Amino acid sequence: MKRKKHHPIWYTMMDVMMASPDKPIDASKRRHQLTRMWDGLASIETAPAPSTEDWRVCSDAVNLMETMVNMQIVEDANGLINDAVTALAMAGKRHMKNGVIRLDAQGMQAVRAVLEDYASVIEQISERTLIQVHRNTEKRIREILVGRKQPHDVEVMDI
């Protein structure tokens, strides 16, 4: 029998309540998160064999931005989030088929634009809001993983 993967909950309601309601997340934490995301994208774009972790950190950023749109923290006037979600889903499918994670040119542009927006937004919103975004994103992904998808969900992959 195949065992279910455990997906830990990273943030609790206590984390939300203890976070600053008016200051952005600490610069060192922000820098760490953004560095991992930018390194992941660079690896997908240029490394001979990008890892699934590279794909995951980019997907995390896109999922977090999608949650921000759903929470009406930001707008996605150009539909870039849907483009980035689709591009990462296709990269995941390519990985499952060929063993290589790659984005096409349009996908790279969409993911890069969403990462740039994410970097800008997390400098401005409060730590409390950002942690709530993380909690909401975790909850949504857990719902999808147990089969409770929403009509706009493309696909969740665990590669």
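Our structure is the block above this text.
This report concerns the structure included in the present document. Remember, it's a predicted structure, so these values are computed and weren't measured experimentally. (Residues numbered from 1 in each chain as written. Predicted model: local features only at pLDDT ≥ 70, side-chain atom pairs only at ≥ 80, totals over all residues. Heavy atoms only, no water.)

1. Topic: the nonpolar core
Consideration 1: Counting 33 residues, the largest nonpolar core has Met 65, Met 68, Leu 103, Val 111 and Tyr 118 as its most contacted members.
Consideration 2: Within the residue set of this core, elements represented by two or more residues are helix H2 (27–46), helix H3 (52–70), helix H4 (80–98), helix H5 (105–122) and helix H6 (127–145).
Consideration 3: Not counting residues within four places of it along the chain, the set of residues in contact with Val 111 comprises Leu 41, Cys 58, Ala 84, Leu 88 and Leu 103. (Core = buried A, V, L, I, M, F, W, Y, C linked by side-chain atoms within 4.5 Å. Buried < 20%, exposed > 50% of the residue type's maximum accessible area, 1.4 Å probe, protein only. Helix = DSSP H or I, 4+ residues; strand = E, 2+ residues; numbered from the N terminus. Contact = heavy atoms within 4.5 Å.)

2. Some words on the pattern of salt bridges
Consideration 1: With the rule as written, the count across this model stands at six salt bridges.
Consideration 2: For Glu 53, the salt bridge is made with Arg 56, and the minimal N-O distance between the two is 2.6 Å. With Glu 53 and Arg 56 both in helix H3, this residue pair falls three residues apart, about one helical turn.
Consideration 3: Exposure remark for Glu 53: the relative accessible area of 33% places this residue in the partly exposed category.
Consideration 4: What makes Arg 56 partly exposed here is its relative accessible area of 34%.
Consideration 5: Linked by salt bridges that have partners in common, Arg 36, Glu 53, Arg 56 and Asp 60 make up one network. (Salt bridge = Lys/Arg side-chain N within 4 Å of Asp/Glu carboxyl O.)

3. Topic: unusual backbone geometry
Consideration 1: Here Gln 72, not a glycine, exhibits a phi torsion of approximately 60°, which is positive.
Consideration 2: By relative accessible area, which is 71% here, Gln 72 ends up exposed.

4. Comments concerning a nonpolar patch on the surface
Consideration 1: Taken together, the side chains of Met 13, Met 14, Met 17 and Met 18 make up a nonpolar region of the molecular surface, amounting to roughly 450 Å² of accessible area.
Consideration 2: Among the residues examined, Met 14 registers a relative accessible area of 48% and is labelled partly exposed. (Patch = residues over 30% accessible without salt bridge, like charges linked within 9 Å, V, L, I, M, F, W, Y side chains within 5 Å. Areas by Shrake-Rupley, 256 points an atom, 1.4 Å probe, with all protein chains shown as cover.)

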